[in-house]
Amino acid sequence: FDKNDDNDRDTAAQTNGADGAGAEAPQGRPRSAGSSFKRRQRQFSGADIASVRSKADLQPPRRKLRLPIKLKTLGMGCLFGGWYLFNVYFNVYNKRVLNAFPYPALCTLVHLAVGSLCMLVIWGLRLKKAPRPSTGTLLQVLPLGILHLLGFLFTNASLGSVAVSFTHTIKALEPFFTAVFSAWLLGSIPSLISMLALVPIVSGVILASFTEASFTWAGLATALGSNFSFQLRNVLSKQYMSTKAYESQEGAIASGDVLDQMNLFACITICACLLMFPCAYFLDAGRLSQAIGGGGLQAAAGKPVGQLALWSFLAGLCRFGDVLVSYAILAQVTPVTHSVGNCLKRVIVIAASIFIFKNPVSSKNVAGTVLAITGVFLYSMTKRIDEGKLGSQLKSLPINSTIRRFSSTVVGAFRSNRKDSGKETETGAKDDSGEGNDDDGGGKGGKPPIEYNL
């Protein structure tokens, strides 16, 4: 403003000198808004304003930054990727430890201890509200903890006896045990179409079992025991949560005594960890003491003890991360999407184990595995059909919008082809003379090529 005032005073002095007045402009006189507008109007003529506008029109318009994919889709992709990575690394680290240190009870104790420690840290940092269960709730959780212990112990025993791919092929029988226990304990009898979906699961497992190069009856029995324990635990957990939710609504128990899924899993893991100490002592302590002899712990291990301890800790951490991410995914997607992701997870684990451990597989073994996993997928779909929820949940799948866009594109392509064929019959002479539509749409009256935006 001071510089403008000086310019105004110089202009006024020159004007007064030209008029012969020779008087100086008064210092510090306030100027009105109208004089400022006239000054700006004198500085910018109409031609200057038109030139500025033309330059502004020549500049390209600014475009908003648009990501190629939605952030929610990217987040879900990261969750599914983390789920698969946690599961793959758990099986890889666990198999390496069991190959060098064949004591599944001690390995199970380490895994449960790591999971319990992680949950205590989450409660301590107040990332999750710690429950305060009553004595009656703990007594109800105790059988679930025993089944959780047996499921982990049988899984590790199977992984130590046979290949990882064979263990996970046998674990594809989980829907069969779920259907049996649901009908027995919950009175939920599956429909005929769901029972028929169990046929390819059982057939695929049988075909894969008797064509497996590393087949042992101990590995088969322990894998089946793992299915039995884990699926019975799942059915009883569902029965527990349904009963507690009903009692809480009726006011029979306090709402703070009801455990959600995450806290229930944490209590089951801690209970199983405490029960695992005497089991590990009776199962592996005697064999381990004989193997050690006078050579120390290194004599019983095929790898350095520090490396085995690190692998065991990482396996337990990956197992806990696997369960944690699985709960996070289930909270954001439908059960159908979760079932599809679980089937894909089993395929990735089997393929990764074959690639990493170089397990020999035959074509019949691969066919049996594919048949079993396909049966698991079909069973998941038939269960949602029985519940009447498949139609609404399929609409939320990301592939559904892709199918709609693809179908509309195909319909538009057929319509445009019909119109073009009609025009070709009317203008056949023009096409013969070379004045018709070009193939690339660049000719006279031509149309651009169809773009398939999938």
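All values derive from a computational prediction rather than experimental measurement. (Residues numbered from 1 in each chain as written. Predicted model: local features only at pLDDT ≥ 70, side-chain atom pairs only at ≥ 80, totals over all residues. Heavy atoms only, no water.)

## Thoughts on the overall build of the chain
The secondary structure content of the chain amounts to 17 helices and 0 strands. The 454 residues of the chain split such that 37% are buried. Sequence separation of at least 24 residues holds for 82% of the intrachain contacts in the chain that already meet a minimum separation of 6. Accessible surface, the chain: about 27300 Å² in total, of which carbon and sulfur atoms supply 62%. (Helix = DSSP H or I, 4+ residues; strand = E, 2+ residues; numbered from the N terminus. Buried < 20%, exposed > 50% of the residue type's maximum accessible area, 1.4 Å probe, protein only. Contact = heavy atoms within 4.5 Å. Areas by Shrake-Rupley, 256 points an atom, 1.4 Å probe, with all protein chains shown as cover.)

## Some details on the packing of aromatic side chains
Per the stated rule, a full pass over the model turns up 14 aromatic pairs. The structure contains a cluster of three or more aromatic residues connected by ring pairs, namely Phe176, Phe177, Phe181, Trp184 and Phe228. Above the ring of Trp311, the side-chain terminus of Arg96 is found at 5.8 Å from the ring centroid. Positioned above the aromatic ring of Phe90, the side-chain terminus of Arg319 is 5.8 Å from the ring centre. (Phe/Tyr/Trp six-rings, centres within 6.5 Å; stacked < 30°, edge-to-face > 60°. Lys NZ or Arg CZ within 6 Å of the ring centre and 35° of its normal.)

## Section: the environment of Leu371
Within the fold, Leu371 resides in helix H14 (residues 363-387). Overall, Leu371 belongs to the partly exposed group, its relative accessible area being 35%. Sequence spacing of Leu371 and Leu207 is 164 residues, and the spatial spacing of their C-alpha atoms is 9.1 Å.

## Some thoughts on the side chain of Thr137
Position of Thr137 among the secondary structure elements: in helix H6 (residues 135-161). At 3.2 Å, the side chain of Thr137 forms a polar contact with the side chain of Ser134. (Polar contact = N/O pair within 3.5 Å; in protein donor to acceptor, adjacent residues only side chain to side chain.)

## Description of the nonpolar core
Of all hydrophobic cores here, the largest spans 32 residues; its most connected members are Phe101, Leu112, Met276 and Leu308. Among the elements of the structure, helix H4 (71-100), helix H5 (104-124), H6, helix H11 (261-292), helix H12 (305-330) and helix H13 (335-357) are those that each provide at least two residues to this core. It is H4 that provides the largest number of residues to this core, a total of 7 residues. Filtering out sequence-adjacent residues up to four positions away, Phe101 remains in contact with Leu106, Cys107, Leu288, Leu297, Ala300, Ala301 and Leu308. Core analysis: the next-biggest nonpolar cluster, separate from the first, contains 23 residues, Leu147, Phe181, Ile201 and Leu232 among them. (Core = buried A, V, L, I, M, F, W, Y, C linked by side-chain atoms within 4.5 Å.)

## Some details on the confidence of the model for the chain
Chain-level statistics for the chain give a pLDDT mean of 75 and a share of 66% at 70 or above. Mean pLDDT in the chain bottoms out at helix H17 (residues 428-432), which sits at 46, and peaks at H5, which reaches 93. (pLDDT = per-residue confidence, 0-100.)

## Regarding the packing of H4 against H12
H12 packs onto H4 with a crossing angle of 150° between their chain directions and a minimal axis gap of 8 Å. Looking at the two axes, H4 sits roughly antiparallel to H12. Judged by the twist between their axes, the crossing of H4 over H12 is left-handed. Partitioning the contact of H4 with H12 into residue classes produces 17 nonpolar, 5 polar and 3 charged. (Axes fitted to C-alpha atoms, helices over the stretch in contact; angles between N-to-C directions. Parallel < 35°, antiparallel > 145°, perpendicular 65-115°, else oblique. Left-handed = near helix turned anticlockwise from the far one by under 90°. Nonpolar A, V, L, I, M, F, W, Y, C, P; charged D, E, K, R; others polar.)

## Brief notes about the packing of helix H8 (residues 174-186) against helix H9 (residues 192-209)
Where H8 contacts H9, the axes come no closer than 9 Å and their chain directions differ by 135°. Taken together, the axis directions place H8 and H9 in an arrangement best described as oblique. Each of Pro175, Phe176 and Ala179 in H8 lies in contact with H9, whose residues at this interface are Leu198, Ile201 and Val202. When grouped by side-chain class, the residues that make up the contact of H8 with H9 number 6 nonpolar, no polar and no charged.

## Quick look at the state of the cysteines
For the structure shown, the criterion picks out 0 disulfides. Here Cys267 stays free of any disulfide, with the sulfur of Cys271 as its closest cysteine sulfur at 8.9 Å. Of the residues examined, Cys267 reaches a relative accessible area of 11% and is grouped as buried. (Disulfide = S-S within 2.5 Å.)

## Some points on the pattern of salt bridges
Here the structure, examined in full by the defined rule, presents 5 salt bridges. Among the ionic pairs, Asp322 bridges to Arg319, the shortest N-O distance being 3.2 Å. With Asp322 and Arg319 both in helix H12 and 3 residues apart, this pair spans about one turn of that helix. For Asp322, a relative accessible area of 4% gives the class buried. Within this structure, Lys171, Glu174 and Arg346 form a network of salt bridges that share partners. (Salt bridge = Lys/Arg side-chain N within 4 Å of Asp/Glu carboxyl O.)

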